[in-house]
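Here are the chains, one letter per residue:
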Amino acid sequence: MDRSQLRNMIDSGRSIALDCHAIGKTIPLDDPVGMLFKTDIMNKSVLMKRYEPALPTARQPVIVKTIIYYPYDFDNVYEGGESLLFNDIGFHSALSFKIAKGNASADLQERIDADMSVLELIDSMHSLDPFLFRSKVEQQEAAEPIHDSYFAISAREWDKIRLPIREKISRLVTKALGDMGEGDEKMAREQYVERFLMKIWEAKDVNGIEPFINAMQIEEERAPEIFFAWKAVCYYQVRFSDMLAALKTMFQWVGHNQLCYPADFVSVPSEELKTIEEKRNSLRKKMRDGYVNAHKVLSEYEHSYNQFVEADKPQTFMSFLENAENSYLLLANHVSVATHSVNLWKWYVERYGAELRHAQFMELFDGLNSLYGVETSAAGNNRR
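Okay, so let's go over this structure. Every chain is numbered independently, its residues counted from 1 as its sequence is written. Under the rules for a predicted model, residues below a pLDDT of 70 receive no local features and side-chain atom pairs below 80 are neither given nor counted, while totals for whole chains, interfaces and linings still include all residues. Just so you know, side-chain values use all the structure's heavy atoms and leave hydrogens and water out.

## Here's the deal with helix α13 (residues 324-352)
Secondary structure elements are defined from DSSP: runs of H or I of at least 4 residues count as helices, runs of E of at least 2 residues count as strands, and each element is numbered from the N terminus. A helix is expected to span 1.5 Å for every residue after the first. An ideal rise of 1.5 Å per residue puts 42 Å on 29 residues; α13 measures up with 41 Å between its terminal C-alpha atoms. Think of it in three bands: residues with accessible area under 20% of the maximum for their type are buried, residues over 50% are exposed, and the middle band is partly exposed, with areas taken using a 1.4 Å probe on protein chains only. Taken across its 29 residues, α13 has 21 buried, putting it largely inside the fold. Following α13 by one or two positions, G353 adopts a phi angle in the positive range, close to 100 degrees.

Laid out in structure tokens, this is it:
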């Protein structure tokens, strides 16, 4: 990955990349919470998520991998570096060797093990989105507190996302528990609903909400992750709605033959222009498929929700909950990539204008292709 693509990947949003070094530099050395990791090199790393399509026969529709990127120059992360894949066998040993440069002392190995626990938490997430990162930390009750700077979300933004999600969950829980009644009975019922809501929102255990679990036909051991996935789906519904206008504007740009093309194309070799046109067609298909898949998941969720809340037909929603983790995974892929792409596209268009000259166009175009996996697909097609 060249310098411009590293910058594009790291700087275009938090859903896919977490620049630990940049965040760590904003935290005072005497801060009581401190940085995310116990070892210096991990605090100077960049964490990234990579999405790959799974085989048709796989249990999950998307493979999410966690990459740890170590810059050669910690003060300029775009100048290149080396990466380790968390999901590789032997990652722990490779990380220990990289940090210790040999055999680690007992004290250093203890810190490396603590960093592994943080990485395991991060790997368990389908994206690095601040809202979901904070939610996952709260659910897992991480052994060490994590500084708010790593969540990068204000109280106002948190409530903007949280309140409509809670309202949606609350309506369904209220429906599931039946009529509120009047007076003191209604107040007691509302308090009961609030306890249920908090249990589902926190997604930690099912103590006290066993009737709801049984009614929804959810296995108790799976309930916390199902509830977390449900909350994540609700989050992506809010996020997708908020970004829809910008996403459609980006699609219009990519779909425009003149705009999505080097403005100075007369000076570009014909073979390169042919490659651009081929990749552009593939990019358009990938973008269209991503939008359709995300919209399909959210439409199915909304339909199942309305069937339960408005039509007293809970079966469709119960089926949705059963598959909520895969729905969360699909949305993490499509919405995270779309969010990152919109941020990247806006940065270039606002800086250089809608018609880009060859150098800037290729930086943006290659970045979008990389995010949507076009380059990988193209390589695979060439091999066949």
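## What to know about the pattern of salt bridges
The term salt bridge refers to a pairing of a side-chain nitrogen on Lys or Arg with a carboxyl oxygen on Asp or Glu at a separation within 4 Å. Overall, the coordinates contain 17 salt bridges when judged by the stated rule. Residue R134 is joined to E138 by a salt bridge in which the shortest nitrogen-to-oxygen separation is 3.2 Å. Of the two residues, R134 and E138 both sit in helix α6 (residues 130-140), four residues apart, roughly one turn of that helix. Note on R134: relative accessible area 22%, which makes it partly exposed. R222 is paired through a salt bridge with E322; the nearest N and O atoms lie 2.8 Å apart. Of this pair, R222 sits in the loop between α9 (210-215) and α10 (223-254) while E322 sits in helix α12 (residues 315-322); the two residues are 100 residues apart in sequence, bridging distant segments of the chain. Sharing partners across several salt bridges, the network here consists of R50, E52 and K65.

## Comments concerning the pairing of strand β2 (residues 46-53)
Taken residue by residue, a regular strand's side chains alternate between the two faces of the sheet. In this sheet, β2 lies alongside strand β1 (residues 17-19) in antiparallel orientation, the contact comprising three bridges. Residue pairing for β2: L18 is matched across the bridge by L47. In this sheet, strand β3 (residues 62-71) lies alongside β2 in antiparallel orientation, the contact comprising eight bridges. Bridge pairing in β3 places P53 opposite V62. Here, any two strands with at least 2 DSSP bridges between them count as paired.

## Details of the packing of α10 against helix α14 (residues 358-371)
Geometry of a packed helix pair, given as the angle between the helix axes and the separation of the axes. Between α10 and α14, the shortest axis-to-axis distance is 13 Å and the interhelical angle comes to 115 degrees. Relative to α14, the crossing made by α10 is left-handed. Across the interface between the two elements, M250, W253 and V254 of α10 pack against F361, L364 and L368 of α14. Only Asp, Glu, Lys and Arg are considered charged, only Ala, Val, Leu, Ile, Met, Phe, Trp, Tyr, Cys and Pro nonpolar, and every remaining residue, Gly among them, polar. For the contact of α10 with α14, the class distribution of residues is six nonpolar, no polar and no charged. Every angle, taken between N-to-C directions, lies between 0 and 180 degrees, and every axis is a line fitted to C-alpha atoms, over only the stretch in contact when it is a helix. Here is the rule for handedness: rotate from the far helix to the near one, and if that takes an anticlockwise turn smaller than a right angle the crossing is left-handed, while a clockwise turn gives right-handed. Any two residues whose heavy atoms approach within 4.5 Å at even a single point are treated as in contact.

## Topic: the side chain of S12
When you line up the elements, S12 lands in the loop between α1 (3-11) and β1. Pairs of N or O atoms are called polar contacts if they sit within 3.5 Å, as long as, within protein, a hydrogen donor faces a hydrogen acceptor (for residues adjacent in sequence, only side-chain-to-side-chain pairs). Among the polar contacts made by the side chain of S12, one reaches the main-chain carbonyl oxygen of N8 at a distance of 2.7 Å. Setting aside residues up to four positions removed in sequence, S12 forms contacts with R7, H340, N343 and L344.

## Concerning the sheet that holds β3
With antiparallel pairing, the four strands of this open sheet are ordered in space as β1-β2-β3-β4. Among the strands making up the open sheet, the edge pair consists of β1 and β4 (81-85). The mean inter-strand angle of the sheet, taken between neighbouring strand axes irrespective of direction, is 25 degrees.

## Let's talk about the packing of aromatic side chains
Any Phe, Tyr or Trp ring, taking Trp's six-membered ring, that has another such ring centre within 6.5 Å forms a pair; planes under 30 degrees apart are called stacked, those over 60 apart edge-to-face, and the others tilted. Across all of its chains, the model carries 24 aromatic pairs by this definition. Summarising the aromatic geometry, the rings of F131 and W201 are spaced 6.4 Å apart at their centres and angled 70 degrees between planes, so their arrangement reads as edge-to-face. Residue F131 is found in helix α6, and its partner W201 is found in helix α8 (residues 183-202); the two are separated by 70 residues along the sequence. For the residue pair F131 and W201, the accessibility class agrees, reading buried in each case. On the numbers, 6.4 Å between centres and 50 degrees between planes, the contact of Y301 with F317 is tilted. Here Y301, found in helix α11 (residues 270-309), pairs with F317, found in helix α12; they are 16 residues apart in sequence, far enough to count as distant. Taking relative accessible area as the criterion, Y301 reaches 0% and is therefore assigned buried. According to the relative accessible area criterion, F317 is buried, its value standing at 0%. Criterion for a charge above a ring: Arg CZ or Lys NZ at most 6 Å from the ring centre, at most 35 degrees from the ring normal. Stacked on the ring of Y70, the Lys or Arg K98 has its end atom at 4.8 Å from the ring centre. Above the plane of the ring of Y305 lies K168, whose end atom (NZ or CZ) is 4.3 Å from the centre.

## So, unusual backbone geometry
Within the chain, A152 stands out as a residue other than glycine whose phi angle is a positive 50 degrees. Within the element layout of this structure, A152 appears in the loop between α6 and α7 (155-177). According to the relative accessible area criterion, A152 is partly exposed, its value standing at 47%. Although it is not a glycine, Q217 sits at a positive phi angle of roughly 55 degrees. Tracing the backbone shows Q217 in the loop between α9 and α10. Among the residues examined, Q217 registers a relative accessible area of 61% and is labelled exposed.

## Focus: the environment of A311
Turning to its location among the elements, A311 is positioned in the loop between α11 and α12. Judged by its relative accessible area of 32%, A311 falls in the partly exposed class. Sequence separation between A311 and V337 is 26 residues; the distance between their C-alpha atoms is 35 Å.

## Overview of the packing of α7 against α10
Contact pair α7 / α10: the axes reach a minimum separation of 10 Å and the direction vectors enclose 125 degrees. One element, α7, and the other, α10, form an angle in the oblique class. When you trace α7 past α10, the crossing you get is right-handed. Here K160, I161, P164, I165, K168, I169 and L172 of α7 come into contact with α10, specifically with W230, K231, C234, Y235, Q237, V238 and D242. Of the residues belonging to the contact of α7 with α10, the class tally is nine nonpolar, one polar and four charged. Any angle between 65 and 115 degrees counts as roughly perpendicular, while under 35 counts as roughly parallel, over 145 as roughly antiparallel, and the rest as oblique.

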